[in-house]
Amino acid sequence: MIRRAALFILTCVTLMPLQVAAQGSLKVATQNMRLAFELCLRNYRTPQDMPYAFSSTGFTLGKGLDEGVTEFTAPGVSGAFKAGYCMMQTTDVPLAIAEEMGQRTAETLFPGKVTLGNPERNINQPVAPCDGLSIFATQMLIRVTYSAAGNSGDCLNDGTSAIAIQM
């Protein structure tokens, strides 16, 4: 009996770090995704300031394959930006968490100027999943859309997420 209890405790203690590490990667990736999202929104009128904003907050920057594109990485998140566009993705943050985080951050930065969905949608219809946000910022409409990570742009709940910002 004592041997079984000791084996059970040893098994639980051995497995706990894996669960904490999994929660840790979600937390780190969510924080880094939120920071990238916020940096893009804060610099929507000054895209020339984005490289400094990202590098000064710990993101690693590199030249993108396309002209004028800067790629960035941080633990759990990667993305790219150029004038008028910003994108970030992660394999660690589920789509629902990314959508909630995006809405909260946008409403904090642009109080009273955020609406769900496309500004041209039928207001009598519910907002479709991944339809994103419209931010009626000073002198500009900012569109935020969500998808699964990767290049497909599909609205899949596969445990990954991507956010695209058109400014």
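Higher on the page you've got the structure.
Residues numbered from 1 in each chain as written. Predicted model: local features only at pLDDT ≥ 70, side-chain atom pairs only at ≥ 80, totals over all residues. Heavy atoms only, no water.

### With respect to the overall build of the protein
- When its secondary structure is counted, the protein shows 3 helices and 8 strands.
- Taken over 167 residues, the protein has a buried fraction of 36%.
- In the protein, once contacts between residues fewer than 6 apart in sequence are set aside, the share between residues at least 24 apart is 50%.
- As displayed, the protein has an accessible area near 10000 Å², and 58% of this comes from carbon and sulfur atoms. (Helix = DSSP H or I, 4+ residues; strand = E, 2+ residues; numbered from the N terminus. Buried < 20%, exposed > 50% of the residue type's maximum accessible area, 1.4 Å probe, protein only. Contact = heavy atoms within 4.5 Å. Areas by Shrake-Rupley, 256 points an atom, 1.4 Å probe, with all protein chains shown as cover.)

### A few points about the packing of aromatic side chains
- Applying the stated criterion to the full structure yields 6 aromatic pairs.
- For the ring pair Tyr44 and Phe110, a centre distance of 5.8 Å and an interplane angle of 65 degrees mean the geometry is edge-to-face. With Tyr44 in the loop between helix H1 (2-42) and helix H2 (50-56) and Phe110 in the loop between helix H3 (95-109) and strand S5 (114-116), the pair connects residues that are 66 residues apart, well separated along the chain.
- Using a relative accessible area of 12% as the deciding quantity, one classes Tyr44 as buried. (Phe/Tyr/Trp six-rings, centres within 6.5 Å; stacked < 30°, edge-to-face > 60°.)

### What to know about the side chain of Asn43
- Tracing the chain through its elements places Asn43 in the loop between H1 and H2.
- Residue contacts for Asn43: discarding those within four places in its chain leaves Asp49, Met50 and Ala53.

### Regarding the nonpolar core
- Membership of the largest hydrophobic core comes to 36 residues, with the highest contact counts inside it found for Met88, Ile142, Ile163 and Ile165.
- At 8 residues, the largest contribution of residues to this core is made by H1.
- Those residues within four positions of Ile165 in sequence are excluded, and the remaining contacts are Phe37, Cys40, Leu41, Gly84, Tyr85, Cys86, Met88, Ile142, Arg143 and Val144. (Core = buried A, V, L, I, M, F, W, Y, C linked by side-chain atoms within 4.5 Å.)

### Some details on the pairing of strand S8 (residues 161-166)
- Counted residue by residue, S8 has 5 buried out of 6 residues, so it is predominantly covered.
- In this structure, strand S4 (residues 85-90) lies alongside S8, joined through 6 bridges in antiparallel fashion. Bridged to Gln89 within S8 is Ala162. (Pairing = 2+ DSSP bridges.)

### Quick word on the sheet that holds strand S6 (residues 133-137)
- Taken in spatial order, the 8 strands make up an open sheet running S1-S2-S3-S4-S8-S7-S6-S5, and their pairing is antiparallel. Pairing within the sheet leaves two strands with one partner each, and these edge strands are strand S1 (60-63) and S5. Neighbouring strand axes in the sheet, compared pairwise and without regard to direction, differ in orientation by 15 degrees on average.
- Sheet topology places S5 next to S6; 3 bridges connect them, and they run antiparallel. Within the sheet, the bridge partner assigned to Val114 lies in S6 and is Ile135.
- Relative to strand S7 (residues 140-147), H3 is tilted by about 165 degrees, and along the sheet it contacts S5, S6, S7 and S8. (Axes fitted to C-alpha atoms, helices over the stretch in contact; angles between N-to-C directions.)

### Focus on the state of the cysteines
- If you walk through the whole model with that rule in mind, you get 2 disulfides.
- For Cys40, the disulfide goes to Cys86, at an S-S distance of 1.7 Å. Taken as a pair, Cys40 in helix H1 and Cys86 in strand S4 lie far apart in primary sequence, 46 residues in all. Pair check on accessibility: Cys40 and Cys86 agree, each one buried.
- Each sulfur of the disulfide joining Cys130 and Cys155 lies 2.0 Å from the other. Taking the sign of the S-S torsion, about 75 degrees here, the bridge from Cys130 to Cys155 comes out right-handed. (Disulfide = S-S within 2.5 Å.)

### Focus on the pattern of salt bridges
- For the structure on display, the rule yields 4 salt bridges.
- Across the salt bridge formed by Glu38 and Arg34, the nearest N and O atoms sit 2.5 Å from each other. Pair noted here: Glu38 and Arg34 are both in helix H1, with a separation of 4 residues, about one helical turn.
- Owing to a relative accessible area of 31%, Arg34 belongs among the partly exposed residues under this scheme.
- The salt bridge involving Arg143 is made with Asp131; its shortest N-O contact spans 3.8 Å. Here Asp131 lies in the loop between S5 and S6 and Arg143 lies in strand S7, a separation of 12 residues in the sequence.
- Judged by relative accessible area, which is 13%, Arg143 ranks as buried.
- Three or more residues are tied together by salt bridges with common partners; here these are Arg34, Glu38 and Arg42. (Salt bridge = Lys/Arg side-chain N within 4 Å of Asp/Glu carboxyl O.)

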